[in-house]
Amino acid sequence: MNMFKSSSEEQIDWADESLIESCGKLLLRITIGGLMVFHGVAKVQGGIDPIKGMLEAQGMPTLVAYGVYVGELVAPILMIIGLWTRLSSLVFVFNMIF
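Residues numbered from 1 in each chain as written. Predicted model: local features only at pLDDT ≥ 70, side-chain atom pairs only at ≥ 80, totals over all residues. Heavy atoms only, no water.

## Notes on the overall build of the protein chain
- For the protein chain, the helix and strand inventory stands at four helices and zero strands.
- Along the protein chain, helices (α) and strands (β) appear in the sequence α-α-α-α when read from the amino end.
- Within the protein chain, the proportion of its 98 residues that are buried is 21%.
- Taking contacts inside the protein chain between residues at least 6 apart in sequence as the whole, the part at least 24 apart equals 51%.
- Put simply, the protein chain shows about 7400 Å² of open surface, and 69% of that area lies on carbon and sulfur atoms. (Helix = DSSP H or I, 4+ residues; strand = E, 2+ residues; numbered from the N terminus. Buried < 20%, exposed > 50% of the residue type's maximum accessible area, 1.4 Å probe, protein only. Contact = heavy atoms within 4.5 Å. Areas by Shrake-Rupley, 256 points an atom, 1.4 Å probe, with all protein chains shown as cover.)

## Comments concerning helix H3 (residues 64-81)
- When the terminal C-alpha atoms of H3 are compared, their 25 Å separation across 18 residues agrees well with the 26 Å that a helix rising 1.5 Å per residue should span.
- Taken together, the buried positions of H3 are Ala-65, Val-68, Tyr-69, Gly-71, Glu-72, Leu-73, Ala-75, Pro-76, Leu-78 and Met-79. (Expected span 1.5 Å × (residues − 1).)

## Here's the deal with the environment of Glu-72
- Looking at the element boundaries, Glu-72 is found in helix H3.
- By relative accessible area, which is 9% here, Glu-72 ends up buried.
- Considered as a pair, Glu-72 and Val-37 are 35 residues apart in the sequence and their alpha carbons are 5.9 Å apart.
- A polar contact of 3.0 Å, which involves the side chain of Glu-72, links it to the side chain of Lys-43. (Polar contact = N/O pair within 3.5 Å; in protein donor to acceptor, adjacent residues only side chain to side chain.)

## Focus on the nonpolar core
- Ile-48, Ile-51, Leu-55, Ala-65, Val-68 and Tyr-69 together form the largest nonpolar core, which totals six residues.
- Every element with two or more residues in this core is listed here: helix H2 (49-57) and H3. (Core = buried A, V, L, I, M, F, W, Y, C linked by side-chain atoms within 4.5 Å.)

## Things to note about the packing of H2 against H3
- Relative orientation of the contacting elements H2 and H3 amounts to 120°, with a least axis distance of 9 Å. Viewed along their axes, H2 and H3 adopt a mutual orientation that is oblique. Of the two elements, H2 crosses H3, and the hand of that crossing is right-handed. Between H2, through Ile-51, Lys-52 and Leu-55, and H3, the contact on the second element is made entirely by Val-64, Ala-65, Tyr-66, Val-68 and Tyr-69.
- Here the contact of H2 with H3 is composed, by residue class, of seven nonpolar, no polar and one charged. (Axes fitted to C-alpha atoms, helices over the stretch in contact; angles between N-to-C directions. Parallel < 35°, antiparallel > 145°, perpendicular 65-115°, else oblique. Left-handed = near helix turned anticlockwise from the far one by under 90°. Nonpolar A, V, L, I, M, F, W, Y, C, P; charged D, E, K, R; others polar.)

## Side note on the pattern of salt bridges
- Scanning the model with the defined rule gives two salt bridges in all.
- With its nearest N and O atoms 3.2 Å apart, the salt bridge here joins Glu-21 to Lys-25. Of this pair, Glu-21 and Lys-25 are both found in helix H1 (residues 7-46), four residues apart, which corresponds to roughly one turn of the helix.
- Ionic pairing is found between Glu-72 and Lys-43, a salt bridge with its closest N-O pair at 3.0 Å. With Glu-72 in helix H3 and Lys-43 in helix H1, this residue pair connects regions lying 29 residues apart in the sequence. (Salt bridge = Lys/Arg side-chain N within 4 Å of Asp/Glu carboxyl O.)

## Some thoughts on the packing of H3 against helix H4 (residues 85-97)
- At a minimum axis distance of 9 Å, the contact between H3 and H4 shows a crossing angle of 145°. Crossing handedness for the pair H3 and H4: left-handed. On the side of H3, the interface is formed by Val-68, Val-70, Gly-71, Glu-72, Ala-75, Pro-76, Leu-78 and Met-79, while H4 contributes Thr-85, Ser-88, Ser-89, Val-91, Phe-92 and Asn-95.
- A per-class count over the contact of H3 with H4 returns eight nonpolar, five polar and one charged.

As structure tokens, then:
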């Protein structure tokens, strides 16, 4: 703490750091979510059958194909708008692993 700063100046400094942190998180959410949304849109345009075929070849149930849509469309959109960010990020990571 600087002894020459008033408390109002300290509040302004704290608010600026909080604003910068929030803007950084927003930029990260938009970048990562936006990239995944483009992948999801491409899969929607291509249909669900190719995804089901890939999952069957790996021995996974074809019902998981709908989870791919959730992980590549719904979760990134929620991340971008900032709604249920932690939950949607967890779904996003799970989708990327599998």
